[in-house]
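Residue-level listing of the chains:
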Amino acid sequence: MTSNHTDCHYCLQSLRGRKYALREENAYCVTCYDSLFANPCEECKQPIECDSKDLAYKGRHWHEGCFKCAKCSHSLVEKPFAAKDELLLCTECYSDEYSSKCFHCQKTIMPGSRKIEFKGSSWHESCFVCQYCRQPLGTKPLITKDNENYCVPCFEKQFAHHCYSCKKVITSGGVTYHDQPWHKECFVCAGCKTQLSGQRFISKDEYPYCVDCFSKLYAKKCAACKKLITVLGGAKFISFEERQWHGECFNCAKCSVSLVGQGFLTRQDDVLCHECGSAS
C-alpha cells in the first residue's frame, strides 16, 4: 500500500509516496518488512516477499508458484491434496502410492470415498455385491463360497442343503447320515435326543442311537458275565442257540480254555471243550 505515513519503523526512512506494510500497527518499508518478517519458501528457500502470495500449511510456507505436488509437480493451489511424510501430494498421486485398491476391480479407492473392509481386503462400496443377484451387500449378512460373496437368500437358493430332520437350510457345518444332510443340532439319538455329532453311535432300523441307549434297548447280555455286548469298534461276539458271549467270555465252563474257533459240546447251560465234555 502507499500512503503519506511518516517513517519506516525499522530504518526510519520516510514512507511518503512509497509502498509499505503494516505489522502490529507499525509501518515498514517493503525492503525492511521482507528482511524482517518474510517467511522462507519450503520449496525454493527464498523469502516470500510481501507483494507475493504466501500459502501456509501446518506452519510451513510456499510461494504460490512453488506449491506443487511432490511427485507430478502439478500445482496444488485451490486443489485438494494430502500430506505423507511431510510431502504434499495431489489426490491422484497419493492414491496411486498409498490408497487401498479394490479387491474386485483392482482400481484405487480414492480418499474420501466410501469403502468396505472385509476379511482383510478393501472394496469400493459399489463393487461389494452379491455374486448372484449383484445387489450391494453393504453391512448385510453374507456367506462366502470359493472366494465369492453371496447374500443369504441367494446362497440358500443356489447352494444350501436342507436338513433331513427339520427341513431348514444348513448354512454351515452339518453332518451326513445315510447320504442325507443334517444340522449338527438335529442329528440326535433316537432315544435320549443327545446330539451325536462327533460321538460314537449305532444304527438300528435306520435310526441313530447313542451307545447307552442302544445298549439299554437292543444289546444282548453275555451268557457268561451277564454284561451287555456292544459291537463298537468291530468287537467280536459268539452266538449259539439264542445265547451270546463276548469273545473273551466264550470259554469251557470246566477248564476255562477259550472255545473261540474250536469245537465244543453243550451240557445243559454249559459249554465244554471236547476234552472236558468227553471226560464227564
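Please read these numbers as outputs of a predicted model, since none were measured by experiment.

Trainee: What is the right way to look at the pattern of salt bridges in this model?
Mentor: Side-chain pairing between opposite charges can occur once the charged atoms of the two side chains come close. Applying the stated criterion to the full structure yields three salt bridges. A salt bridge links Arg60 to Glu42, with the shortest nitrogen-to-oxygen separation between them at 3.7 Å. Note that Arg60 is positioned in strand E4 (residues 60-63) and Glu42 in the loop between helix H1 (30-37) and strand E3 (54-57), a separation of 18 residues in sequence. For Glu117, the salt bridge is made with Lys115, and the minimal N-O distance between the two is 3.2 Å. With relative accessibility at 39%, the residue Lys115 sits in the partly exposed group.

Trainee: How should the packing of aromatic side chains be read in this particular structure?
Mentor: The geometry of an aromatic ring pair is captured by the separation of the ring centres together with the interplanar angle, meaning the angle of the planes. Taken as a whole and assessed by the stated rule, the structure comprises 23 aromatic pairs. With a centroid separation of 5.5 Å and an interplanar angle of 55 degrees, the aromatic rings of Phe118 and Phe128 are classed as tilted. Remark: Phe128 occurs in the loop between strand E8 (121-124) and strand E9 (142-145) and Phe118 occurs in strand E7 (residues 115-118); sequence separation between them is 10 residues. Between Lys145 and the ring centre of Phe159, over which it is positioned, the NZ or CZ distance is 5.2 Å. Sitting over the ring of Tyr164, Lys167 keeps its end group 4.8 Å from the ring centre.

Rules of the game
All chains use their own residue numbering, which begins from 1 and follows the written sequence. For a predicted model such as this one, the threshold for reporting local features is a pLDDT of at least 70, and the threshold for listing and counting side-chain atom pairs is 80 or more; totals across whole chains, interfaces and linings nevertheless cover every residue. As a rule here, side-chain values come from all non-hydrogen atoms in the structure, and water together with hydrogens is ignored. Whenever a carboxyl oxygen of Asp or Glu lies within 4 Å of a side-chain nitrogen of Lys or Arg, that contact is scored as a salt bridge. We count a stretch as a helix when DSSP gives it H or I for four or more residues in a row; a strand needs E for two or more, and each element gets its number in order from the N terminus. Throughout this description, buried means an accessible area under 20% of the type-specific maximum (1.4 Å probe, protein chains only), exposed means over 50%, and partly exposed covers the range between. Working definition: a ring pair exists when centres of Phe, Tyr or Trp rings (six-membered ring for Trp) sit within 6.5 Å. Plane angles under 30 degrees give stacked, over 60 give edge-to-face, the rest tilted. Criterion for a charge above a ring: Lys NZ or Arg CZ within 6 Å of the ring centre, and within 35 degrees of the ring normal.

Purely geometric stuff here, so don't read any function into it on its own.
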